Amino acid sequence: MTDGARQRSGTSGSAKDAAGEKESGGGVALKKEIGLVSACGIIVGNIIGSGIFVSPKGVMENASSVGMALIVWIVTGVITAIGALCYAELGVTIPKSGGDYAYVKDIFGGLAGFLRLWIAVLVIYPTNQAVIALTFSNYVLQPLFPTCFPPENGLRLLAAVCLLLLTWVNCSSVRWATRVQDVFTAGKLLALALIIIMGLVQICKGEYYWLEPANAFEPFQEYDVGLIALAFLQGSFAYGGWNFLNYVTEELVDPYVNLPRAIFISIPLVTFVYVFANIAYVTAMSPQELLASNAVAVTFGEKLLGVMSWIMPISVALSTFGGVNGSLFTSSRLFFAGAREGHLPSLLAMIHVKRCTPIPALLFTCLSTLLMLCTSDMYTLINYVGFINYLFYGVTVAGQIVLRIRQPNLHRPIRISLIWPVIYLLFWAFLLIFSLYSEPVVCGIGLAIMLTGVPVYFLGVYWDNKPQCFDAFVDKMTYLGQKFCVVVYPAMGNSVGSGDEGEEMKEETSPLSKEDGDNSDL
């Protein structure tokens, strides 16, 4: 996991020979192939996974009334847009793949960045992908079990098949993966458009009892600040993925222009779709019916589509299938970036010599998600994801303020008012405090998992003078992994800099500091 081990394994004979192969006139490399439309597809496709089809139940249950639930959806969308503004500035100031991991590492140092990566490896992204895959399974199997819930083993098995298939697609071709993403993103929007149109038809028929102010804010249980905070966490899960484009910055065409544009287009679009989809839900279902449903969109379709109700579970299943694909695509790039910085085994920073896909990182992502499938309580997983995500979102946005103070003259193609990160951090603090108050065990377990990364960092990354036998073992495993996956270190010239053929993978220079490394603070 150290830089030395990474470079030693990179100089093996097979790596040098394979790295000399030419790909479009240069070394094997990731390529800048993501334009504005594809960038919007990545953001929208990753946000609209399973959240809007699963979280309405969790948001309603904790918000205690229809009106408060709609307020939660609107406010969460606004806060997401503010967070995206902050990430847009950071993304063009620190134009590195890896998203908030890269920003936290460059601003606060190697340990902080490693903890962000560690919790992402162990909890956040495997959990997110497991939840979406389980939702896919639930919507596929629900029509086969109309009078009961599908068996848990069946859900897990189908989710595993989904993950394995999409991992194979992503390993085979970047083009295939992006085509799958584009097609299924369109399918997601069509499914939600159908829900919204049916909701508008219901309103025109006078079916808006739960939208009238007197009824909308009639609580079916007592309002509780802690529960409302949990409702915001459930809503934040549905918006999760808004920062995923920052993970593939180096593969963007003209990132200084397309990164902020994609964010400004996608976040308002998703917020609009989410709010009106939830309005549509309550035109056909009472709060009690919505809470009793294990598949909200399917129940909605059964009430309004009659014999054509099969359209809804198929649409939602296809939507969540695309969500798994998008999450695999982006999260594997995060692990790829972490390995390139020396924070994960160097094998994960390699790509296939012909297909130019990060096969080891994809296989690692798939394996960790399959392990997470052993836990099938979807809402507990959502709480883990929401709390830990918000923890590091806040740390990253705080880093924006720190960076402004430390380096006020640093070139920033986008420069927003500091009032926006302050507003975001106030909301962030509200969520964390009341989440800890309401769910101390869930939040405590998440924090404990994160802190287990501290000894791992000092043993695996910070400690340079490891025993020679350990370094030899790591080199041997890396070599075997290279032979098995037919992968080499990428030449960085096609994405972030220039490089000669056969050149070993370089440590990417931060725009904030010329110092190397895992321990570099500003």
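What you see is a predicted model, and the numbers here were worked out from it, not measured in a lab.

What follows concerns the nonpolar core. Ile 195, Leu 245 and Tyr 274 are the most contacted members of the largest nonpolar core, which totals 132 residues. Per-element accounting of this core gives the leading share, 15 residues, to helix H7 (residues 110–141). By size, the runner-up hydrophobic cluster in this structure holds eight residues, among which are Cys 171, Met 350, Val 487 and Tyr 489.

The subject of this paragraph is unusual backbone geometry. Here Ser 64, not a glycine, exhibits a phi torsion of approximately 80 degrees, which is positive. Relative to the elements of secondary structure, Ser 64 occurs in the loop between helix H4 (51–63) and helix H5 (66–93). Classification of Ser 64 by relative accessible area gives buried; the value is 0%. Within the chain, Val 486 stands out as a residue other than glycine whose phi angle is a positive 55 degrees. Note on placement: Val 486 falls in the loop between helix H21 (468–485) and strand S2 (487–488).

Once that is clear, we can look at the packing of aromatic side chains. Applying the stated rule across the entire model yields 25 aromatic pairs. Look at Tyr 87 and Tyr 393: their rings are 6.3 Å apart centre to centre, the planes differ by 85 degrees, and that puts the pair in the edge-to-face class. Of this pair, Tyr 87 sits in helix H5 while Tyr 393 sits in helix H17 (residues 378–406), placing them 306 residues apart in sequence. Residue classification places Tyr 87 among the buried residues on the basis of a relative accessible area of 1%. Their ring planes at 35 degrees and their centres at 5.4 Å tell us that Phe 244 and Tyr 247 sit as a pair that is tilted. The buried category is assigned to Phe 244, whose relative accessible area is 5%. Here the aromatic residues Phe 114, Trp 118, Tyr 457, Phe 458 and Tyr 462 are joined through ring pairs into a cluster of three or more. Note that Arg 333 overlies the ring of Phe 329, its terminal NZ or CZ placed 4.1 Å from the centroid.

What counts, and at which threshold
- Residues numbered from 1 in each chain as written.
- Predicted model: local features only at pLDDT ≥ 70, side-chain atom pairs only at ≥ 80, totals over all residues.
- Heavy atoms only, no water.
- Core = buried A, V, L, I, M, F, W, Y, C linked by side-chain atoms within 4.5 Å.
- Buried < 20%, exposed > 50% of the residue type's maximum accessible area, 1.4 Å probe, protein only.
- Helix = DSSP H or I, 4+ residues; strand = E, 2+ residues; numbered from the N terminus.
- Phe/Tyr/Trp six-rings, centres within 6.5 Å; stacked < 30°, edge-to-face > 60°.
- Lys NZ or Arg CZ within 6 Å of the ring centre and 35° of its normal.

Remember, this is a structural readout, not a statement about activity or role.
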